[in-house]
Amino acid sequence: QEFIRGVNANFTVKLTELFQNDVPAPTDDLAGKIYPEATTIEEAKAKILESQQAATANNLEQVTNEALVDALAAICDAALPESIVEETGRQMYSEMMLEMQINEKMSMAVIQQLAAPEQVDNYLRTSRKAIEKVVRRTVACEELFRLENIEVTEDEFKAEVMAAKKEFEEYGTEYDVSKLVQQAGEVIEGRKTIAWLRKHAKITVNPPKSSM
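So, on to the overall build of the chain. Broken down by element type, the chain carries 8 helices and 0 strands. Along the chain, helices (α) and strands (β) appear in the sequence α-α-α-α-α-α-α-α when read from the amino end. In terms of overall size, the chain is more extended than a compact globule, its C-alpha atoms giving a radius of gyration of 25 Å where 212 residues would be expected to give roughly 17 Å. Overall size of the chain, expressed as C-alpha extent along the three principal axes, is 60 × 50 × 45 Å. Classification of the 212 residues of the chain by burial places 21% in the buried group.

Structure (structure tokens):
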């Protein structure tokens, strides 16, 4: 904190435990414990590096996609219909509830309490800026999809619907078929729009900032 910066102080510390970790020598016998299915230390190291590189590439792709959509939304000055803002906010809240149910972070009784109308209204009010950001991004992507005549094949659409249906059924969650179809269409259109942006936009990846 700023108010204690540069202040001299004396502390009395009680030591309750003193221990050290004995790290075994890195032999091939430990390879499988370091990384599943690895048979040598070198193989374990290589697999760990490969996994980290894949995670980094995935994170970079996600960050790039977010930046592209944000840049597109920044030049979209269309008015946002109140009905769409509210509908989007309610959908976001439902998705949050579904995620809680899937991850079992909260009991069903708690989830039902959070799903009460007053709780939903409170979310719509306190998360207004975040909801409007999502809506503006959606509107911008839809407009680009339309202007550039981006197409979705019937097979692509059916595959997206079946994937969404499978996910709901795996967790035994009820769903509205018409809404599922609509959301599947929105998801694949968004994916196609991002692919178009990645192909046509000039993307500059800055090196990570030094911690020094």
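And the narrative resumes.
There is a patch of like negative charges on the surface, built from Glu87, Glu142, Glu186 and Glu189. Along the chain, the position of Glu189 falls in helix H8 (residues 177–200). Since its relative accessible area comes to 30%, Glu189 is described here as partly exposed.

Taking 1.5 Å of rise per residue, the 17 residues of helix H7 (residues 154–170) would be expected to cover 24 Å, and the 24 Å separating its terminal C-alpha atoms lies within 8% of that figure. For H7, every residue scored as buried is listed here: Glu160, Val161, Ala164 and Phe168. The buried residues of H7 occupy an angular sector of 95° when projected down its axis, which confines them to one face. Away from its buried face, by an angle of more than 90 degrees, H7 presents the exposed residues Asp155, Met162, Lys166 and Glu170. In this fold, the buried residues of H7 make contact with helix H3 (82–103) and H8.

We now examine the packing of H3 against helix H5 (residues 117–126). The N-to-C vectors of H3 and H5 enclose an angle of 115°; their axes lie 10 Å apart at closest approach. Crossing handedness for the pair H3 and H5: right-handed. For the pair formed by H3 and H5, the contact residues are Glu86, Gly89, Arg90, Met92, Tyr93 and Met96 on the first element and Gln119, Val120, Asp121, Tyr123 and Leu124 on the second. Of the residues contributing to the contact of H3 with H5, the split by class is 6 nonpolar, 2 polar and 3 charged.

As a further point, take the nonpolar core. As a rule of thumb, nonpolar side chains are buried together in soluble globular proteins. Ranked by size, the top nonpolar core spans 12 residues in total: Leu80, Val85, Met92, Tyr93, Met97, Met100, Ile111, Val120, Tyr123, Leu124, Ile131 and Val135. Here this core takes 5 residues from H3, the largest share from any one element. Apart from the residues lying within four places of it in its own chain, the contact partners of Ile111 are Met97, Met100, Gln101 and Met106. Among the nonpolar cores identified, the runner-up in size contains 8 residues, and Leu68, Val69, Leu72 and Cys76 belong to it.

This part is about the layout of surface pockets. Gaps between atoms show up when a probe of the same size as a water molecule is rolled over them. The volume enclosed by the second largest pocket comes to roughly 150 Å³. If you trace the second largest pocket, you find it lined by Leu60, Val63, Thr64, Ala67, Leu68, Ile203, Thr204, Val205 and Asn206. Its residues assigned to classes, the lining of the second largest pocket shows 6 nonpolar, 3 polar and no charged.

On to the side chain of Thr64. Of note, Thr64 is situated in helix H2 (residues 41–74). Overall, the relative accessible area of 10% leaves Thr64 in the buried class. There is a polar contact of 2.7 Å between the side chain of Thr64 and the backbone oxygen of Leu60. Setting aside residues up to four positions removed in sequence, Thr64 forms contacts with Arg198 and Ile203.

A separate point is the state of the cysteines. With the rule as written, the count across this model stands at 0 disulfides. Summary of cysteine pairing: Cys76 is not part of a disulfide, and the nearest cysteine sulfur, belonging to Cys141, is at 9.4 Å. We classify Cys76 as buried; its relative accessible area is 15%.

Calculation notes
All chains use their own residue numbering, which begins from 1 and follows the written sequence. Since the coordinates come from a predicted model, pLDDT governs what is reported: local features require at least 70, and pairs of side-chain atoms require 80 or more to be given and counted, while whole-chain, interface and lining totals use all residues. The basis for every side-chain value is the complete set of non-hydrogen atoms in the structure, without hydrogens or water. Secondary structure elements are defined from DSSP: runs of H or I of at least 4 residues count as helices, runs of E of at least 2 residues count as strands, and each element is numbered from the N terminus. With the radius of gyration taken over C-alpha atoms, the globule rule is written as 2.2 Å times the number of residues to the power 0.38. Partly exposed residues are those whose accessible area sits between 20% and 50% of the maximum for their type, while under 20% is buried and over 50% is exposed, using a 1.4 Å probe and protein chains only. Only residues whose relative accessible area exceeds 30% and that form no salt bridge are eligible for patches; like-charged ones are grouped when within 9 Å, while nonpolar side chains (Val, Leu, Ile, Met, Phe, Trp, Tyr) are grouped when within 5 Å. The accessible surface values rely on the Shrake-Rupley method and a 1.4 Å probe; as for residues, cover is taken only from the protein chains in view. By convention in these notes, a salt bridge is any Lys or Arg side-chain nitrogen within 4 Å of a carboxyl oxygen on Asp or Glu. We treat Lys and Arg as the positive residues and Asp and Glu as the negative residues; His and chain ends play no part in the count. Charge positions come from single atoms, namely NZ of Lys, CZ of Arg, CG of Asp or CD of Glu. Any helix carries an expected span of 1.5 Å times its number of residues minus one. The reported arc concerns the directions from the helix axis to the C-beta atoms and nothing else. Here, two residues are considered to be in contact whenever any of their heavy atoms come within 4.5 Å of each other. Comment: axis = line fitted to C-alpha atoms, over the contacting stretch for helices; angle = value between 0 and 180 degrees taken between N-to-C directions. Handedness of a crossing follows from how the near helix is turned relative to the far one, being left-handed for an anticlockwise turn of less than a right angle and right-handed for a clockwise one. Gly counts as polar in this scheme, as do all residues outside two lists: the nonpolar Ala, Val, Leu, Ile, Met, Phe, Trp, Tyr, Cys and Pro, and the charged Asp, Glu, Lys and Arg. Residue types Ala, Val, Leu, Ile, Met, Phe, Trp, Tyr and Cys, when buried and joined through side-chain atoms within 4.5 Å, form a set referred to as a nonpolar core. Of the grid points, spaced at 1 Å and generated over the protein atoms alone, those admitting a 1.4 Å probe that cannot get out make up cavities, while open sets with protein on both sides within 12 Å along at least five of seven lines make up pockets; any residue with an atom within 4 Å of a point is treated as lining. Grid points are joined across faces, edges and corners, and a volume is the space filled by probe spheres set on the points. Counting of polar contacts relies on pairs of N or O atoms within 3.5 Å, with two restrictions inside protein: one atom must be capable of donating a hydrogen and the other of accepting it, and residues adjacent in sequence are counted only when both atoms are side-chain atoms. The term disulfide is used for any two cysteine sulfur atoms that are within 2.5 Å.

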